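Spelled out, the chains give:
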Amino acid sequence: MDLNNKNKTKYFKGQKLFITLSDNRNLEATFNRDNATRKSIILHNVSFVPSDGKSFEQLEFKLNEIHKISCLDLEVEESNNHTQQKEHISPLRDDPPACTSNGLGGVSPSGDDSPSCNSNEYGVFYDKTKNIVENHVFIDQIDNKFYEAVSCIQKESTVAVIGEGSAQARFSHLVILGIATQQAVFLFDIVNLGARIFKEHRSFLKRFLESRNVLKVVHDCRFLSDCLKRKHDVMLTNVFDTQACHLLVVKNHSGHPPLTGSFSDLVTEYLNLPGHMFDTKGTSLDLWRRRPLADGLAVRVAWKTILLRKLKPKLDDAYYSPFDKLCYTYLRSVRDMDDEMEVKMLMQLQERDGIPSDILADLNKSECSEN
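Reading guide: rules and limits
- Residues numbered from 1 in each chain as written.
- Predicted model: local features only at pLDDT ≥ 70, side-chain atom pairs only at ≥ 80, totals over all residues.
- Heavy atoms only, no water.
- 1 Å grid on protein atoms, 1.4 Å probe; cavity = no way out; pocket = protein on both sides within 12 Å on 5 of 7 lines; lining within 4 Å.
- Points joined across faces, edges and corners; volume = space filled by probe spheres on them.
- Helix = DSSP H or I, 4+ residues; strand = E, 2+ residues; numbered from the N terminus.
- Nonpolar A, V, L, I, M, F, W, Y, C, P; charged D, E, K, R; others polar.
- Pairing = 2+ DSSP bridges.
- Axes fitted to C-alpha atoms, helices over the stretch in contact; angles between N-to-C directions.
- Expected span 1.5 Å × (residues − 1).
- Bend = angle between axes of the 7 residues up to and from the residue.
- Buried < 20%, exposed > 50% of the residue type's maximum accessible area, 1.4 Å probe, protein only.
- Polar contact = N/O pair within 3.5 Å; in protein donor to acceptor, adjacent residues only side chain to side chain.
- Contact = heavy atoms within 4.5 Å.
- Salt bridge = Lys/Arg side-chain N within 4 Å of Asp/Glu carboxyl O.

The name an unreviewed UniProt entry assigns to the chain is PiRNA biogenesis protein EXD1, from the organism Frankliniella occidentalis.

In structure tokens, the structure reads:
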């Protein structure tokens, strides 16, 4: 949201907000009121993210201290002068709408000149995901939690995998292996479990990572793959790489590869969440190896792991959408023709040309409209 428009944005008392401050700190809070004289807003139930376990009953922030405000609760009272807007958001859209109703749409609150939102689907997505994160399971020994995690993961055909500490490939040490299903996050503490967890007879983690029956969603799998192979003799197999998929989506759409493709970029672009707050890039290996983990670090890994799992269907949609549209064109191309002579002509052309000319015409038209 434009900083110059903060004082014009209408919030209502009790509305849940996510705020990024000018110093890059993030917080969740409930809006109470604004103070026009002091050019500030008063917030209740303030919790900084990642959480350190503390919350503040009331805090006041000047507008010039705030970088961005996003709505977590989109049940905004509609003004009679506003019209309802529902719009499907493309992950490649340059200027997403202020609020959408597709569940993962943009969440910046609308200004006076924008349509208001009456959908709380984004808030539902965020709250459900946050609940999964808060209930993540941290596993640092072979106990009931370990076997329960194994039982849960074995039921899945697709999971997300994060390897913290593997950024330097074979020159680093894997310290946390994060695995996320659709409804749960498990963090395996390799520091305490020890490297033997990959080497013991019939090691679950080794069999799981090498399984061709389970799809592993990974972001830029190069260094994790190298670290697992060189350090733990584990051959990572059957991977859906989110960065690779993003590269193809953008290249197919624009003809050029993307300039950036970090995890935080993808979270921002496809899930419309502030990706920088979930990224663990830059955290030193020494900090990762300390036990207990620094406050908020495990939560951040849990966020990163579950959001990686949530990226998969969004990237699927972006990648397969042109193909799905083309299949639909094939389905209706002849079926919707009423003129039997025209159908016979198409059949004759098909015998000569192989590829239907009407399909090529539609495809070229679609490409021209996209470009």
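Picking up where we left off.
## Re the layout of surface pockets
Here the second largest pocket is characterised by a volume of approximately 690 Å³. Taken together, 27 residues form the lining of the second largest pocket, with Glu164, Ala167, Phe223, Lys281 and Lys304 sitting closest to its centre. For the lining of the second largest pocket, the leading source of residues is strand β7 (residues 158-164), giving four residues. In terms of residue class, the lining of the second largest pocket is made up of nine nonpolar, 13 polar and five charged.

## Topic: the sheet that holds strand β1 (residues 16-21)
Two modes of strand pairing occur in sheets, parallel and antiparallel, and in both the strands are linked by backbone hydrogen bonds. Spatial strand order, β4-β3-β2-β1-β5: five strands in an open sheet with antiparallel pairing. Where the open sheet ends on each side, the last strands, each with one partner, are β4 (56-62) and β5 (66-71). If you compare each strand with its neighbour and ignore which way they point, the axes differ by 40 degrees on average.

## Digging into helix α9 (residues 297-335)
The terminal C-alpha atoms of α9, which comprises 39 residues, lie 57 Å apart, in line with the 57 Å expected from a rise of 1.5 Å per residue. For α9, the principal kink sits at Tyr320 and spans about 50 degrees; a proline, Pro322, occurs within the next four residues.

## Things to note about the environment of Ile69
Inspection of the secondary structure assignment puts Ile69 in strand β5. For Ile69, a relative accessible area of 1% translates into the label buried. In the structure, Ile69 is positioned 43 residues away from Asn26 in sequence and 9.9 Å away in space, judged by C-alpha atoms.

## Digging into the side chain of His219
If you trace the backbone, His219 turns up in the loop between β10 (215-218) and α5 (222-232). Reaching out from His219, the side chain makes a polar contact with the side chain of Thr242 at a distance of 2.8 Å. The contact partners of His219, leaving out residues within four places of it in the chain, are Asp241, Thr242, Gln243, Gly261, Ser262, Phe263, Leu266 and Leu308.

## Let's talk about the sheet that holds strand β9 (residues 185-189)
If you walk across this open sheet you meet the six strands as β6-β9-β8-β7-β10-β11, and the pairing is mixed. Of all the strands in the sheet, the pair left with one neighbour each is β6 (137-139) and β11 (239-241). If you compare each strand with its neighbour and ignore which way they point, the axes differ by 25 degrees on average. Along the sheet, helix α2 (residues 144-154) contacts β6, β8 (176-180) and β9; its crossing angle with β9, the most-contacted strand, is approximately 130 degrees. Contacting β10 and β11, helix α6 (residues 242-254) runs over the sheet at an angle of about 50 degrees to β11.

## What about unusual backbone geometry?
Leave glycine aside and you will find that most residues have negative phi; peptide bonds, for their part, are mostly trans. For the peptide bond that leads from Arg291 to Pro292, omega is 0 degrees, which places it in the cis range. Positioned with a positive phi, Asn24 is a non-glycine residue whose angle comes to about 75 degrees. You can see Asn24 is positioned in the loop between β1 and β2 (26-35).

## Focus: the pattern of salt bridges
On inspection of all chains with the given rule, the structure shows 10 salt bridges. Of the charged contacts in the structure, one is a salt bridge between Asp23 and Arg25, with a shortest N-O distance of 2.8 Å. What you see here is one network of salt bridges that share partners, running through Arg170, Asp226 and Arg230.

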